[in-house]
Amino acid sequence: MAHPKRRHSNMRTRLRRTHDALKTASFSTCKQCGAQILPHRICGYCGYYNGKQAVTIKAKKDKKEA
Ligand SMILES: [Zn+2]
């Protein structure tokens, strides 16, 4: 089995891990009902996308307050 020639430094490990932090999801607001939704997706509360009714929502969800 191949082995690493040298142990790499603490700094090298830390530099790699600078990219490991989790980021909060970004939200946009629905222009129709004002609910917080994921961008580029149909609103799950009113079914609108890009100002048009894309799908009809059968069961009414409670609108999440931001
Ligand atoms: Zn909506």
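Residues numbered from 1 in each chain as written. Predicted model: local features only at pLDDT ≥ 70, side-chain atom pairs only at ≥ 80, totals over all residues. Heavy atoms only, no water.

This part is about the overall build of the protein. Along the backbone of the protein there are one helix and four strands. Put simply, the protein shows about 6,700 Å² of open surface, and 52% of that area lies on carbon and sulfur atoms. (Helix = DSSP H or I, 4+ residues; strand = E, 2+ residues; numbered from the N terminus. Areas by Shrake-Rupley, 256 points an atom, 1.4 Å probe, with all protein chains shown as cover.)

This next bit is on the coordination of the zinc ion. Every protein donor of the zinc ion is listed here as Cys30 (SG), Cys33 (SG), Cys43 (SG) and Cys46 (SG), and their distances to the metal cover 2.2 to 2.3 Å. In this structure, the zinc ion is surrounded by four donor atoms whose angles at the metal cover 107 to 115°, and the resulting shape is tetrahedral. Each donor residue of the zinc ion lies on one chain, and together they are spaced C-x2-C-x9-C-x2-C. (Donors = N, O, S within 2.8 Å, 3.2 Å for Na, K, Ca; no water. Tetrahedral: all angles 85-135°; square planar, octahedral: opposite > 155°, others 65-115°.)

Our focus in this paragraph is unusual backbone geometry. Leave glycine aside and you will find that most residues have negative phi; peptide bonds, for their part, are mostly trans. A positive phi angle, near 65°, is found at His40, a position not held by glycine. Phi is positive for Asn50, close to 55°, though the residue is something other than glycine. Summarising the element assignment, Asn50 is placed in the loop between strand S3 (48-49) and strand S4 (52-53). A relative accessible area of 64% means that Asn50 is categorised as exposed. (Buried < 20%, exposed > 50% of the residue type's maximum accessible area, 1.4 Å probe, protein only.)

The next subject is the nonpolar core. Counting residues in each nonpolar core, the largest one holds six residues, listed as Cys30, Ala35, Ile37, Cys43, Tyr45 and Cys46. Setting aside residues no more than four positions away along its own chain, Cys43 makes contact with Cys30, Cys33, Ile37, Tyr48 and Ile57. (Core = buried A, V, L, I, M, F, W, Y, C linked by side-chain atoms within 4.5 Å. Contact = heavy atoms within 4.5 Å.)

This part is about the environment of Ile42. Looking at the element boundaries, Ile42 is found in the loop between strand S2 (36-37) and S3. For Ile42, a relative accessible area of 41% translates into the label partly exposed. Sequence separation between Ile42 and Val55 is 13 residues, and the spatial gap between their C-alpha atoms is 8.0 Å. Once you skip the residues sitting within four places of it in the chain, Ile42 turns out to touch Gly47, Tyr48, Tyr49, Ala54 and Val55.

When pLDDT is averaged across the protein, the result is 88; 89% of the residues are at 70 or more. The weakest mean pLDDT in the protein belongs to S4 at 89; the strongest belongs to helix H1 (residues 10-17) at 96. (pLDDT = per-residue confidence, 0-100.)

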